[in-house]
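Architecture and fold: a report
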Amino acid sequence: MKQRIGIMGGTFDPIHFGHLVTAQEVFERFALDSVIFMVAGKHPLKGDEVTDAHLRLQMVEIAIRDNPHFEVNDFEVQRDEVTYTIDTMRYLHQNYPPQTEFFFITGADALFDIIEWKDARELAGLTILVGATRPGYDIEKAKLRHECAGEHFDIRYLEVPALAVSSTDIRQRVRDGRDVRYLVTDGVAEFIKQHHLYQSIQGCCRYEREQKTPFEE
Ligand code: NAP
């Protein structure tokens, strides 16, 4: 039978309830069989600003462990080089039956520039795209940009009120010594505390300086 698989692509620094609600919404709305959280590894632009990929991966594992429809994939994290979405989609197509239908889910902000992504035309043929929007996001502007570009992307937009939460806001809250309860799962809040994440720029990078294997949970 033809499978329908969601790929939740993101940096997840850290994963929060907005991401989890988005994945669940898309799972239901598009009648998917499962959603794979694809944690971004090396970032082409962000470099050292991003928390170590293994720590971000562990937070995702903790956040999704209660949902049997969700899984995490470390393909991008294990690669030494920058991974573009086209690399990931090619990998997934090689590893799933030919009839599988993929839905690449990410923030609509991230999709705004998709026409400039690596091998965008090929990517358009490999996956349907789902752009999750925060309340107030100008969907029409995004649609116009994609139409004008003349590319043949199949982009579905989905407003997710829970995306009023952002990873940037959560990192800032931790730096300010504020509570992140109710924004991330309890397990993730505990992990952030245990590993002293987001307290300072140095705090974020401490893991990389000290060792190359993930911390014990
Ligand atoms: P980003 O620029 O950090 O995020 C843009 C916006 O989208 C932020 O508001 C972010 O909110 C939100 N967002 C990110 N992932 C989301 C998700 N899965 N669900 C809902 N909202 C999400 O984007 P990014 O994390 O670097 O990249 C997003 C995905 O696009 C990744 O899989 C990345 O590999 C891919 N990408 C590929 C290319 C390429 O192939 N050339 C270029 C850019 C991005 P939060 O900060 O709260 O998450």
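Source: prediction; values computed, not measured. (Residues numbered from 1 in each chain as written. Predicted model: local features only at pLDDT ≥ 70, side-chain atom pairs only at ≥ 80, totals over all residues. Heavy atoms only, no water.)

1. Quick look at the side chain of Glu76
Looking at the element boundaries, Glu76 is found in helix 3 (residues 75-78). The buried charged residue Glu76 lacks any salt bridge, with Arg79 as its nearest oppositely charged partner at 7.5 Å. In this structure the side chain of Glu76 is engaged in a polar contact, spanning 2.6 Å, whose partner is the side chain of Thr88. Ignoring any residue separated from it by four or fewer positions in sequence, one finds Glu76 in contact with Met38, Val39, Ala40, Gly41, Thr83 and Thr88. (Helix = DSSP H or I, 4+ residues; strand = E, 2+ residues; numbered from the N terminus. Buried < 20%, exposed > 50% of the residue type's maximum accessible area, 1.4 Å probe, protein only. Lys, Arg positive; Asp, Glu negative; His and termini not counted. Salt bridge = Lys/Arg side-chain N within 4 Å of Asp/Glu carboxyl O. Polar contact = N/O pair within 3.5 Å; in protein donor to acceptor, adjacent residues only side chain to side chain. Contact = heavy atoms within 4.5 Å.)

2. Things to note about the nonpolar core
Ile15, Val35, Phe37, Met59 and Val188 are the most contacted members of the largest nonpolar core, which totals 42 residues. Secondary-structure elements contributing two or more residues to this core are helix 1 (17-29), strand 2 (34-39), helix 2 (53-64), strand 4 (101-107), strand 5 (128-133), helix 8 (167-175) and helix 9 (186-194). Those residues in contact with Phe37 that sit more than four places away from it in its chain are Met8, Phe12, Ile15, Leu20, Ala23, Val60, Ile64, Phe70, Glu71, Val72 and Asn73. Counting residues in each nonpolar core, the second largest holds 22 residues, with Met38, Leu92, Phe104 and Ala120 among its members. (Core = buried A, V, L, I, M, F, W, Y, C linked by side-chain atoms within 4.5 Å.)

3. Describing the pairing of strand 4
Counting buried positions over the seven residues of strand 4 gives five, a clear majority of the element. Sheet topology note: the strand 1 (residues 4-10)/strand 4 ladder contains five bridges and is parallel. The residue of strand 4 that forms the bridge with Met8 is Ile105. Where strand 4 lies against strand 5, five bridges are found, and the strand directions are parallel. The partner of Thr106 across the bridge, within strand 5, is Gly131. (Pairing = 2+ DSSP bridges.)

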